[in-house]
Amino acid sequence: MRATIYLPDDLAQAVEAYFKEHPETSLSALVQEALRARLRRNPAALLELAGVVEKAKGSARERAEDRPNRQER
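Residues numbered from 1 in each chain as written. Predicted model: local features only at pLDDT ≥ 70, side-chain atom pairs only at ≥ 80, totals over all residues. Heavy atoms only, no water.

Concerning the overall build of the protein
In step 1: When you go through the protein residue by residue, the secondary structure sums to three helices and zero strands.
In step 2: Moving toward the C terminus, one meets the helices and strands of the protein in the order α-α-α.
In step 3: For the protein, the residues scored as buried account for 5% of the 73 residues in total.
In step 4: About 7,300 Å² of surface is accessible on the protein, with carbon and sulfur atoms providing 52% of the total. (Helix = DSSP H or I, 4+ residues; strand = E, 2+ residues; numbered from the N terminus. Buried < 20%, exposed > 50% of the residue type's maximum accessible area, 1.4 Å probe, protein only. Areas by Shrake-Rupley, 256 points an atom, 1.4 Å probe, with all protein chains shown as cover.)

Describing the environment of Leu7
In step 1: Tracing the chain through its elements places Leu7 in the segment before helix 1 (9–21).
In step 2: By relative accessible area, which is 27% here, Leu7 ends up partly exposed.
In step 3: Those residues in contact with Leu7 that lie beyond four places of it in its chain are Ala12 and Val15. (Contact = heavy atoms within 4.5 Å.)

Comments concerning a nonpolar patch on the surface
In step 1: A contiguous nonpolar surface patch, about 330 Å² in accessible area, is contributed by Ile5, Leu27, Val31 and Leu35.
In step 2: Given a relative accessible area of 32%, Val31 falls into the partly exposed group. (Patch = residues over 30% accessible without salt bridge, like charges linked within 9 Å, V, L, I, M, F, W, Y side chains within 5 Å. Salt bridge = Lys/Arg side-chain N within 4 Å of Asp/Glu carboxyl O.)

Some thoughts on the confidence of the model for the protein
In step 1: Per-residue confidence for the protein gives a mean pLDDT of 77; residues scoring 70 or more make up 59%.
In step 2: Of all helices and strands in the protein, the one with the weakest mean pLDDT is helix 3 (residues 43–50) (66), whereas helix 1 scores best (95). (pLDDT = per-residue confidence, 0-100.)

Side note on the side chain of Thr25
In step 1: Along the chain, Thr25 turns up in the loop between helix 1 and helix 2 (27–41).
In step 2: Here Thr25 is in contact with Tyr18, Phe19 and Leu30, once residues within four sequence places are set aside.

This is the structure:
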């Protein structure tokens, strides 16, 4: 996927400074690494980003369809 992003001046300057210290890194690699780190901390964000799951109210434990039937035990 290709995407165009906007970086505010202060963030763009921080990225440029980072590249001076890490010339082997590309912007694409840096963004991918940042996204992976962010999505690992919040796996639901990945599903939401993909449009697979809407934010659920409550936990699975509270949802009737997720409770085992007495017959299943």
